[in-house]
Amino acid sequence: MSTPQLVVHRDKELMAQAAAARLITKIVDAQASRGAASVVLTGGRNGNGLLAALAAAPARDAIDWSRLDLWWGDERFLPEGDPERNVTQAREVLLDSVPLDPERVHAMPASDGPYGSDVEAAAEAYAAELAKAAGPENHAPVPAFDVLMLGVGPDTHVASLFPEMPAVRETERTVVGVHGAPKPPPTRISLTLPAIRSAREVWLLAAGEDKAEAVAIALSGAGEIQAPAAGAYGRARTLWLLDTAAASQLPRSLYPPASP
Ligand SMILES: O=C1O[C@H](COP(=O)(O)O)[C@@H](O)[C@H](O)[C@H]1O
């Protein structure tokens, strides 16, 4: 478990640009040292903001897009192409405009796909896809993701792990079906905390005043069942990327030294 490090940016635009720059460097470094990079994307406003900033960054051309594996931390279980699906939004903002290898874009199944409306079967299939990509040296039946990103919800949820719900209590499986999520749509697929914790680096993204309470709760010693974001950490690094509004309820003692 790595101790959370906080970086606080002036506003959400700067946060997205700085996070995009950080991600480009991570991917380029991973490709230089291991040949390929593997990144887990998040949905939500901050995740999409980061992808939009990445799309606009000239340095995006430093990435070898054909040697990048993309996975998702969660998905809204809706028909293929539904505008509310995280993958649809990611495609629109960035993925359709870069030369990715389609074989390396590992979208979670849709509700009109091969498993129909059976979200458990869809989750199992995604777990199997992850297990197939995992090497013997990996810490769990998932690949060693270079970076796994998570948007933090105003209720402290990350991926589709909502407070007190069965998915956040899962200790064995790497992917689960989620029923009755408090945020629409109610049916979702999510990586679990054990899968999240197998990543080298976990980056939690939160911008805006509506995230301030969640950030303060998760970083002030809350339990992961009550505050799922508190249970999200990487093996080598856990980074909270915030703007001043999202950091505004943090106790001053948690603020990094160079913060605004
Ligand atoms: O529904 C979801 O919400 C969270 C947070 O989204 P935000 O818009 O409040 O930033 C997101 O991380 C997750 O991937 C998504 O499915």
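Residues numbered from 1 in each chain as written. Predicted model: local features only at pLDDT ≥ 70, side-chain atom pairs only at ≥ 80, totals over all residues. Heavy atoms only, no water.

Naming follows an unreviewed UniProt entry, where the protein appears as 6-phosphogluconolactonase of Streptomyces rameus.

Turning next to the environment of K183. Relative to the elements of secondary structure, K183 occurs in the loop between β6 (175-178) and β7 (188-191). Classification of K183 as partly exposed rests on a relative accessible area of 34%. Residues K183 and P4, spaced 179 residues apart in sequence, show a C-alpha to C-alpha distance of 26 Å. When residues no more than four places from it in sequence are discounted, the contact partners of K183 are R76, H157, F162 and R188. (Helix = DSSP H or I, 4+ residues; strand = E, 2+ residues; numbered from the N terminus. Buried < 20%, exposed > 50% of the residue type's maximum accessible area, 1.4 Å probe, protein only. Contact = heavy atoms within 4.5 Å.)

Bringing the pairing of strand β8 (residues 201-206) into the picture now. Of all six residues making up β8, six are buried, and the element is well covered by its neighbours. Examined bridge by bridge, β8 and strand β9 (residues 237-243) share six bridges and lie parallel to one another. Residue pairing for β9: L205 is matched across the bridge by L241. Crossover connection from β8 via helix α6 (residues 212-219) to parallel β9: handedness right-handed. (Pairing = 2+ DSSP bridges. Right-handed = clockwise from strand over helix to strand, strands pointing away.)

With that settled, the discussion passes to the site of the ligand. Close contacts around the ligand come from 14 residues, with R45, D74, R76, K183 and K211 the closest. R76 places a side-chain nitrogen or oxygen 2.8 Å from an oxygen atom of the ligand. Between the ligand and the protein, one listed contact pairs an oxygen atom with a side-chain N or O atom of K183 at 2.8 Å. In isolation the ligand offers 400 Å² of accessible surface; the protein chains occlude 98% of this area. In terms of residues, the shell around the ligand owes the most to one element, helix α2 (residues 44-56), which gives three residues. By residue class, the composition of the shell around the ligand is one nonpolar, seven polar and six charged. (Near = heavy atom within 4 Å. Polar contact = N/O pair within 3.5 Å; in protein donor to acceptor, adjacent residues only side chain to side chain. Areas by Shrake-Rupley, 256 points an atom, 1.4 Å probe, with all protein chains shown as cover. Nonpolar A, V, L, I, M, F, W, Y, C, P; charged D, E, K, R; others polar.)

So, on to the sheet that holds strand β2 (residues 37-41). Sheet architecture is open: six strands sit in the order β1-β9-β8-β5-β2-β3, paired in parallel fashion. Both outer strands of the open sheet, β1 (4-9) and β3 (68-72), are each paired with one neighbouring strand and no more. Taken pair by pair, the neighbouring strands of this sheet meet at an average axis angle of 20°, ignoring direction. With six bridges connecting them, β1 and β9 associate as parallel partners. Looking at β9, one finds that L6 is bridged to W240. Where α6 meets the sheet, its contacts fall on β1, β8 and β9, and the angle it forms with β9 comes to roughly 155°. (Axes fitted to C-alpha atoms, helices over the stretch in contact; angles between N-to-C directions.)

Let us look at the nonpolar core. Counting 86 residues, the largest nonpolar core has W72, L191 and W240 as the members making the most contacts within it. Take this core: its biggest share by element is eight residues, from helix α1 (residues 12-34). Once residues lying within four places of it in the same chain are set aside, the contact partners of W240 are P4, Q5, L6, V7, V152, L204, V215, A218, L219 and A229. (Core = buried A, V, L, I, M, F, W, Y, C linked by side-chain atoms within 4.5 Å.)

Another aspect to go through is the sheet that holds strand β4 (residues 74-76). Taken in spatial order, the three strands line up as β4-β7-β6 in an open sheet, and their pairing is antiparallel. The open sheet is flanked by β4 and β6, the only strands paired with a single partner. For this sheet the average axis-to-axis angle between neighbouring strands, irrespective of direction, equals 15°.

As a further point, take α2. Across its 13 residues, α2 extends 18 Å between first and last C-alpha, which sits within 8% of the 18 Å expected from 1.5 Å per residue. Within α2, the full set of buried residues consists of G44, N46, G47, N48, L50, L51, A53 and L54. Elements in contact with the buried residues of α2: α1, β2, β4, α3 (86-93), β5 (147-151) and β8. (Expected span 1.5 Å × (residues − 1).)

Mapped onto the fold, H157 is located in the loop between β5 and β6. For H157, a relative accessible area of 6% corresponds to the buried category. Side chain to side chain, H157 and D155 meet in a polar contact 2.7 Å long. Excluding residues within four positions of it along the chain, H157 makes contact with G151, V152, F162, P163, K183 and P228.

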